[in-house]
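# Tertiary structure, described
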Amino acid sequence: MPKKRRNQKRNGQAERKPSTFQDIVKENVNFEKYYKSQGFIPDYQEFMASLRQTLPTTFRITGSKAQAIDIRNALKRDFFPSLKGIVWEDQVVKEPEELKWYPESLAWSLNVGKAVIRRSPPFKKFQTFLVYETEAGSISRQEAVSMIPPLLLQVKSNHVVLDMCAAPGSKTAQLIEALHANGSTPTGVVVANDSDYKRSHLLIHQVKRLCSPCLMVTNHDATQFPNVVVNDEILKFDRILADVPCSGDGTFRKNIALWNTWGVGHGLGLHSLQLRILLRGLQMLKVGGRLVYSTCSINPMENEAVLAGAIRHCGTAVRIVDVGSELPGLKTCPGLTTWKVMAHNGEWITEPNERCTASMFPPSDEEIKEFNLERCLRIYPHLQDTGGFFICVIEKVAKLDPDKRKAEGSSEQVPKKQKLIERPDTPLEQIIPSPSEMPESPRKPLPKHLDTPTSQIVDEVTQPPMSPKKHHHSHIKISSYVASDVSELRLNTPIDQIKMTLATPPTKPQKRTEEDPYMYLSHDHLVIRQIKNFYELDPSFNLTNFLVRNTMGEPTRGMYYTTPIIKSIIIANVPNKLHLVHAGIRMFAKQDTDATCNWRIQDDALGSIYDFIKGRKVSCGGIDLDVLLKKAYPKLEDLSEEFRNQLEKYSIGGCVLEVDTSDVPEYNITVKMIFPLWKGHASVNMMVAKQDKMALLMRMNGGEIPEIDVSVGQRDKSADGVASSSIMVTEYQDTILS
Ligand SMILES: C[S@@+](CC[C@H](N)C(=O)[O-])C[C@H]1O[C@@H](n2cnc3c(N)ncnc32)[C@H](O)[C@@H]1O
């Protein structure tokens, strides 16, 4: 077969190779033909004009609620007033706007050019603050519309949640935050899955900053997600997010290459995969549970047609929930009850053919009344200056029953063999042909941009490539990713970087790296007894949930901790059924010192064990905190007498530091903070990552970059081996200056 010529016509227009994204002409004849003739987009000209505008940058304040509110207040108090009324090149610059529908004013939109950010001092200061808080994991850049599905899932702390297509994890992060929202360690779990092994590791790095012991990451094709067994029963999920791979045609504003590549075949080709993922999700959903289906596409093939297909299979066991009033202030359009089907050749068709299945066509009049497709939410870019998006919330009201629809006389159309039954191991191939059997299925992996919302393409570009080394997932330090996060938040990711990703050839099926085993330790293990006695752990703390990740099953360098539900899942399903790539948090790390107990608590895990620690607790105020943050290894005499007296009671080793900064009201920190501290013979060291220290210092100083004392740094031998997380003063300054 002759090779396609480069400039061959495709999608109704000459395909050209632009040298930069600026060269891309924001036109696509076939896209216009498709959507204009469909006629369902209100104010069509405004819609098209909006698609050609750059997308504003949006971000969320993350983490525990009390701290998030402190950060929000710092933004409102120390930054936003100075961003009001700034004039740049004779134009008043837009100040940050709150996303009205996002709870507690914790999400914001910023629509400012990079020239303003670089050259206007108040914006530059604001941006530096965002960069440091992002490094510390307290702020997350995320597309506004992508924040909606997790909110509508209404996750509670006891929920068992599955995120079926989770990478790179922005929505998983929200699900974890919701699980932790009430402050105590949740009894529930978030299982975040992605079929792409490399992307599942990307997710781990993104979400690790949240330090949750309630996260598991798995690597499966969601259409064949295995039945997870717990206590001899198949686990059903209270909440499921199916944020499925899609054509991404709601992302034209960010993914500019789509103007050149959009074709009607993309949506048609994904329909079957999306339907199969949704059906598997509904099989695994608990009765009474909620599933949110979402795409960043506005194409009915990938949205209402998928929903209608699923309801046809499940009958009255599932229903679309009316969530119109759940996020007040969010502007949406109702889901479609009818649409036109365009075949691959660009012709409108009214009957299925060998390449377009019956499920792609709109429902019958009778089905329209039953399905309530109008309850789906459509978001178009011009409604509130966002990307395009589609969301549907489904509730499972009864077990899936193959005869239910027939019994209720609601449909004669669904062939019996196509009905989805409750037995969760029913292979979906029996119900829907697998993508490889479907005409126009993605026979080869889709180009990256087709399953990757643009925000994530940028993430991917800016993240250093993952090397699939052993131990990689569990030991990699988030700090090695700092540079990428910084560039992400500089709001001006170079266009050539984005282009690089889009030009990346489709990924080949990836090999999984063999995972280290998950070996739980006996509660009676010598090291556990030592830790228990040293930190005086409360007897109510469950000592059976510690694990190590080596074949010897012995604690050598680190000990991990999972919640009990994760332990039950791992014991019954890993490695035979479930391909687990991450679970739990690293709670203790071994030090090479002469302390009685050489195991120090990790900052990331302190929140999960703090309530149970009864010994080795010390406390200080804002003045001592300032010293601990600015100096590496401050000597005991550098600290207040009161604080020093507490420290002198203890032998060398790990301690827990409680901080209340109310002695320095200008720090404006209302939340009480806890940190791991290492007490040496003559000095102390706060065991916190340097980016976290820097973010905290900036927050305490009203966003100003504080002076750091470069004269100290004399290392105390008894604190040897703990140097990695101390402040490297010169590094700070390099970061600040760069
Ligand atoms: C739209 S993205 C998900 C974005 C993610 N929910 C977030 O908010 O960061 C779709 C994801 O689905 C994954 N994917 C594609 N096919 C899949 C399948 N059959 N099973 C599971 N995941 C799949 C892709 O690797 C991609 O990461």
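Basis of the calculations
- Residues numbered from 1 in each chain as written.
- Predicted model: local features only at pLDDT ≥ 70, side-chain atom pairs only at ≥ 80, totals over all residues.
- Helix = DSSP H or I, 4+ residues; strand = E, 2+ residues; numbered from the N terminus.
- Buried ≥ 20, exposed ≤ 12 C-beta atoms within 10 Å, placed from the backbone.
- Near = placed C-beta within 6 Å.
- Nonpolar A, V, L, I, M, F, W, Y, C, P; charged D, E, K, R; others polar.
- UniProt positions renumbered as here; feature names shortened; annotations may be inferred.
- Contact = placed C-beta atoms within 7 Å.
- Pairing = 2+ DSSP bridges.
- Axes fitted to C-alpha atoms, helices over the stretch in contact; angles between N-to-C directions.
- Parallel < 35°, antiparallel > 145°, perpendicular 65-115°, else oblique.
- Left-handed = near helix turned anticlockwise from the far one by under 90°.

### Section: the overall build of the protein chain
A tally of helices and strands in the protein chain yields 25 helices and 31 strands. Counting over 738 residues, the protein chain shows a buried share of 47%.

### A few points about the site of the ligand
Taken together, 21 residues lie near the ligand, and Cys165, Ser195, Asp196, Ala222 and Asp243 sit nearest. The residue makeup of the shell around the ligand, split by class, is eight nonpolar, six polar and seven charged.

### Things to note about the environment of Gly63
For Gly63, the location among the structural elements is in the loop between β3 (57-61) and α3 (65-79). With 23 C-beta atoms packed within 10 Å, Gly63 lands in the buried category. When the C-alpha positions of Gly63 and Val229 are compared, they lie 31 Å apart, and in sequence the two are 166 residues distant.

### Points about the UniProt feature "active site" (unreviewed entry) in the protein chain
Within this structure's numbering, the places UniProt gives as "active site" (unreviewed entry) are Cys296. Tracing the backbone through its elements, the reader meets Cys296 in the loop between β15 (285-295) and α11 (304-314). Among the residues examined, Cys296 registers 28 C-beta atoms within 10 Å and is labelled buried.

### A word on the environment of Trp108
With respect to the helices and strands, Trp108 occurs in strand β7 (residues 107-110). Put simply, Trp108 and Leu282 are 174 residues apart on the chain and 33 Å apart in space, counted from C-alpha to C-alpha. The contacts of Trp108, once residues within four sequence positions are left out, are Thr58, Phe59, Pro96, Glu97, Glu98 and Leu99.

### Points about the sheet that holds strand β23 (residues 546-548)
Strand order in the open sheet formed by five strands is β22-β23-β24-β26-β27, with antiparallel pairing between adjacent strands. At either end of the open sheet lies a strand with only one pairing partner, and these are β22 (519-520) and β27 (599-601). With two bridges connecting them, β23 and strand β24 (residues 558-561) associate as antiparallel partners. Counterpart to Leu547 in the pairing with β24 is Tyr560.

### Structural notes on the packing of helix α7 (residues 170-179) against helix α8 (residues 197-207)
The interhelical angle for the contact between α7 and α8, taken along N-to-C directions, is 45 degrees, at an axis separation of 9 Å. On the basis of their axis angle, the class for α7 and α8 is oblique. Helix-helix and strand crossings are classified by hand; for α7 and α8 the assignment is right-handed. Note on element contacts: α8 touches α7 through Leu203, Gln206 and Val207, opposite Thr172, Ala173 and Ile176. Residue classes in the contact of α7 with α8 are distributed as four nonpolar, two polar and no charged.

### A word on the sheet that holds strand β31 (residues 684-686)
The pairing of strands in a sheet happens through backbone hydrogen bonds and is either parallel or antiparallel. As summarised here, the arrangement of the four strands in space is β28-β29-β30-β31, forming an open sheet in which the pairing is mixed. One side of each edge strand has no neighbouring strand; the edge strands of this open sheet are β28 (617-620) and β31. The average undirected angle you get between the axes of adjacent strands in this sheet is 35 degrees. Pairing between strand β29 (residues 653-659) and strand β30 (residues 673-679): seven bridges, direction antiparallel. Its bridge partner being in β30, Cys655 is matched across the sheet by Leu677.

### As for unusual backbone geometry
The linkage connecting Ala167 with the following residue, Pro168, adopts the cis geometry, with an omega of 5 degrees. Structurally, the position occupied by Pro168 is in the loop between β9 (160-163) and α7. Not every positive phi belongs to a glycine, and Asn231 is a case in point at roughly 50 degrees. Relative to the assigned elements, Asn231 resides in the loop between β12 (229-230) and β13 (233-234). One non-glycine residue with positive phi stands out, namely Asn372, at about 55 degrees. In this structure, Asn372 sits in the loop between α12 (365-371) and β20 (377-379). Here Asn372 falls in the partly exposed class, since 17 other C-beta atoms lie within 10 Å of it.

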